[in-house]
Amino acid sequence: MFGWHDSLTLEAFWGLSALALLALAVALVWGLRLFRWPTRSEAVDRLDASLPGRPIAAVQDKQAIGTGDPASEAVWTAHVARMRRASENARAVQPDLRVSDRDPYGLRFIALLFFVCALLFGSVLRVGSVTDIAQGGNQTLATGPVWEGWVTPPAYTGKPTLYLNDIPPGPLTVPVGSEIALRLYGEVGALTVDETVSARTQDIAPASDTEQSFDVAQSGRLAISGERGAEWAITAQADDPPSVRFDGEIDSDAMGELQQPFAAADDYGVETGFATIALDIDAVDRRYGLATAPDPVDPLVIDLPMPFGGDRADFEELLIENLSEHPLANLPVTVTLTVTDAAGQDGTSDAESLTLPGRRFFQPVARAVIEQRRDLMWANANGPRVARVLRSISYTPEDLFTNQTTYLRLRQIIRRLETFNTFGLTEENEAELATALWELAVQLEDGTLADARERLRRAQERLEEAMRNGASDEEIAELMNELREATRDYMQMLADQMEPGDDGTDQPDMAENTQEMSQDQLQAMMDRIEELMQEGRMAEAQALMEQLNQMLENMRITQGDGQGDGPRTPGQQSMQDLADTLREQQELSDDAFRDMQDQNQPGQQGQQGQQGQGQQSGQQPGEGQQPGEGQGQAQNQQGQNPQGQNPQGEGGQGGESLAQRQQGLRDELNRQRGQLPGLPGEAGEQAARQLDRAEGAMDGAEQALREGDLGQAIDQQAEALDALRGGMQALGEALAQNEQNEPGQGQAQGENTDRVQPSRRDPLGRQLGNSGQYGTDENMLQGEDTNRRAEELLQELRRRSGEQDRPLVERDYLNRLLDRF
């Protein structure tokens, strides 16, 4: 029933059949020899043993004792009668069918399992085929196919498997690589296979094998010869290689992120792809550092993005990468795209020649550092030249560097580069220096300036540099966003540093010639500048930019600048004194830094006075200094060190003069602390703590100056500057809180408070009330439904205060209105 006999050879079938018959005969003889028919007495005894008291044996017994005694015989007669009645209930004993002692391995269950499986999964009809084998196999199968065949295309094609029995003979097209599987039934040799599609020359199986399989490698013929055979003309459909092409011009932003669109296609789908970027040495402008023979640079290989879902037979994608730090950045290169399909075939695009985008630097020093980094990665032989150029860049740090941190980082890089040049510049050393130069250029370009005014100046300079160099639309948009943020921070700085007016109230003095400018006007002007730059009208944009700079320099926001002619309050005077102390401490810190530079290059100071007015000395700034905070702001002041004179000229020569100046500033701060007005609250206590910290830092700086430790002195001065700024901020908050607690205190100045000056208006253009508070005494709401209108105004205020894209100054003002009403 399983059909195993169909897969056996004739000899094996007859051998197994004979063996099975022999085993059956042996088992039958063995069973007959062990069988014994039981006797009648054995059967009666087996039955009697199954009854209680063995009544059958008792009935057959004879009385042995008491014969002739009437009483004894009566008892015996009664006993025999009772046993006879008990024997009438006898039943046949159940047979014992347990054979486990004779079949310890459970072979009977295995035989039963095979029989049940044959019934479930086999076919009883196969039993009839045994007679065909017994007759020598001269008869073929009466029913069913005499052969079967399947064509299975490669899995990546997504095509279904074909059943050859259902396909009529004739032409048949299948993909290359399809697997053909054939099964031949019946007598071996009755059917044979003839094919020319596999192109096999070795390991060819006999044509009469009952099972055959091979792959389609070429077009040809497939034939099954014999009864009910068939023949097909197979056409092998080749898998076309994939194709890829550039689908547009390469695009990039100011930060160097490139975007290259491309399109790829394949008849069954693209699997992977990559872009190869190689240096186009013939297109390189071989000047300056690039004139040296370049070191070998391996082509850059980048994986192409593939669609996560959908069909990959024909798609468009965008390659997005930022290669600004790669040695090939901003150099002529050739880009080649390659894609691979599931069959392992490659498709390559035409080589595209272009300049590999990289981040653009607008700050002059940063741009020079990046250029030397490029030259160093171009060839190790450029190491000495790069060191000389970097030393030239750092020749006059006070003119080029805005803080000591970046300058000292550059000096450290120069020292390490010269060391590597002496002992050999390896690839690891080159990678280390390239990383350090990149970080330095980014720091110079972006800056770490916290001062809003300096950030605004930097943003304006970067935008002006972009105007001169012809930046792209993306770079213009990014620089304009930076200018907007810097302008917003600058406006916030002016608002934070406002001082109370001097008109006897807490309101600003709005003179007739005061220039007012709203945030919307500034935004409109910057939008116009961006529009002009995008249109290429750089001259008009430059003129409008200069106008914006002038307006920002002269602008006074509605809070005023606190420089009136009236008498100052004690709080205002304290703020002014602290501002003067902060400025003088900043100048002293700058002088200490210059003095430290002069100590590291002795003998150069005497030459400075002999160079003539406006000439620079040949000294190299010192190395290894610890940068202090805030010194970089004084570096930008023009004319601070004219004619090459000693920067300590005002305070005398040597560290003792600096120490005396530091002592004078500490004494002045101590005097100012004693004259501070009594300001209750957390802000007043914070101001006192910050000023106490500033005085302690000044004392530490003085001691370091007397001991000649200029590095430690600069650190202490930086801490003093930070504490002074914190003290001024806390003092301003305390004064503002004190004025809010005492409204209208300045009205006792003899002014006519019943009159509102026309020029005194709040940021919304309304006239200020005579109570000294923002608002107006005018009846601005006409009509009876005032409550409803007030609720609508509150809802509008809440909505606008929740819009995060509004300027911070406007949102703070809206929040103050909501807190009040």
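Turning our eyes to something else, we now look at the environment of Leu440. With respect to the secondary-structure elements, Leu440 resides in helix α11 (residues 427–446). The buried category is assigned to Leu440, whose relative accessible area is 0%. Beyond its immediate sequence surroundings of up to four residues, Leu440 is in contact with Val369, Thr406, Arg409, Leu410 and Ile413.

Once that is clear, we can look at the sheet that holds strand β7 (residues 220–225). Think of a sheet as strands paired side by side through backbone hydrogen bonds, with each pair either parallel or antiparallel. If you trace the four strands from one edge of the open sheet to the other, you get β3-β8-β7-β5, paired in mixed fashion. Unpaired on one side and paired on the other, β3 (170–175) and β5 (192–195) mark the two borders of the sheet. With strand direction ignored, the average angle separating the axes of adjacent strands in the sheet is 25 degrees. Pairing analysis gives four bridges linking β5 to β7, with the strands arranged antiparallel.

Where strand β9 (residues 243–246) and strand β11 (residues 257–265) come together, four bridges link them in antiparallel fashion. Paired with Arg245 across the strands is Ala263, a residue of β11. With two bridges connecting them, strand β10 (residues 251–252) and β11 associate as antiparallel partners. Bridge assignment links Asp251 to a residue of β11, and that residue is Gln259.

The next subject is the packing of aromatic side chains. A complete count under the given rule lists eight aromatic pairs for this structure. Note on Phe2 and Trp4: the rings are 4.8 Å apart at their centroids and 10 degrees apart in plane angle, and the pair reads as stacked. Overall, the relative accessible area of 29% leaves Phe2 in the partly exposed class. Under the relative-accessibility criterion, Trp4 is labelled exposed at 53%.

The tally for this structure, following the rule as stated, stands at 29 salt bridges. Arg374 is paired through a salt bridge with Glu371; the nearest N and O atoms lie 3.8 Å apart. Here Glu371 and Arg374 lie together in helix α7 (residues 364–378), a separation of three residues that amounts to about one turn. According to the relative accessible area criterion, Arg374 is partly exposed, its value standing at 22%. A relative accessible area of 33% means that Glu371 is categorised as partly exposed.

This part covers the sheet that holds strand β6 (residues 211–215). Spatially, the four strands line up as an open sheet ordered β2-β1-β4-β6, and their pairing is antiparallel. Looking at which strands have only one partner, the edges of the open sheet turn out to be β2 (162–163) and β6. Relative to β6, strand β4 (residues 179–184) runs antiparallel, the two being bridged by five bridges. Bridge pairing links Leu182 to Gln212 in β6.

Moving on, we get to a nonpolar patch on the surface. A surface patch of nonpolar side chains, amounting to about 820 Å² of accessible area, comprises Leu112, Phe115, Val116, Leu119, Leu120, Phe121, Val124 and Val127. Positionally, Val124 belongs in the loop between α5 (107–121) and α6 (129–134).

This next bit is on the environment of Val386. Following the sequence through the fold, Val386 ends up in helix α8 (residues 383–393). Val386 gets classed as buried once you look at its relative accessible area, which sits at 1%. In sequence terms Val386 and Gly289 are 97 residues apart; their C-alpha atoms lie 8.2 Å from each other. Once residues lying within four places of it in the same chain are set aside, the contact partners of Val386 are Gln372, Asp375, Leu376 and Leu417.

Turning to unusual backbone geometry, a few remarks are in order. A positive phi is found at Ala199, a non-glycine position, where the angle reads about 60 degrees. Its place among the elements puts Ala199 in the loop between β5 and β6. Residue classification places Ala199 among the partly exposed residues on the basis of a relative accessible area of 43%. Despite not being glycine, Arg228 shows a phi value in the positive range, around 60 degrees. Mapped onto the elements, Arg228 comes out in the loop between β7 and β8 (230–237).

A separate point is the packing of α7 against α11. Helix-helix packing: each pair is described by the crossing angle between the helix axes and the interaxial distance. At a minimum axis distance of 8 Å, the contact between α7 and α11 shows a crossing angle of 165 degrees. Classified by the angle between their axes, α7 and α11 sit roughly antiparallel to one another. As for how α7 packs across α11, the hand of that crossing is left-handed. Across from Val365, Ala366, Val369, Ile370, Arg373, Leu376 and Met377 in α7, the residues of α11 making contact are Glu430, Leu433, Ala434, Leu437, Trp438, Leu440, Ala441, Leu444 and Glu445. Across the contact of α7 with α11, the residue classes break down as 13 nonpolar, no polar and three charged.

Cut-offs applied
Residues numbered from 1 in each chain as written. Predicted model: local features only at pLDDT ≥ 70, side-chain atom pairs only at ≥ 80, totals over all residues. Heavy atoms only, no water. Helix = DSSP H or I, 4+ residues; strand = E, 2+ residues; numbered from the N terminus. Buried < 20%, exposed > 50% of the residue type's maximum accessible area, 1.4 Å probe, protein only. Contact = heavy atoms within 4.5 Å. Pairing = 2+ DSSP bridges. Axes fitted to C-alpha atoms, helices over the stretch in contact; angles between N-to-C directions. Phe/Tyr/Trp six-rings, centres within 6.5 Å; stacked < 30°, edge-to-face > 60°. Salt bridge = Lys/Arg side-chain N within 4 Å of Asp/Glu carboxyl O. Patch = residues over 30% accessible without salt bridge, like charges linked within 9 Å, V, L, I, M, F, W, Y side chains within 5 Å. Areas by Shrake-Rupley, 256 points an atom, 1.4 Å probe, with all protein chains shown as cover. Parallel < 35°, antiparallel > 145°, perpendicular 65-115°, else oblique. Left-handed = near helix turned anticlockwise from the far one by under 90°. Nonpolar A, V, L, I, M, F, W, Y, C, P; charged D, E, K, R; others polar.

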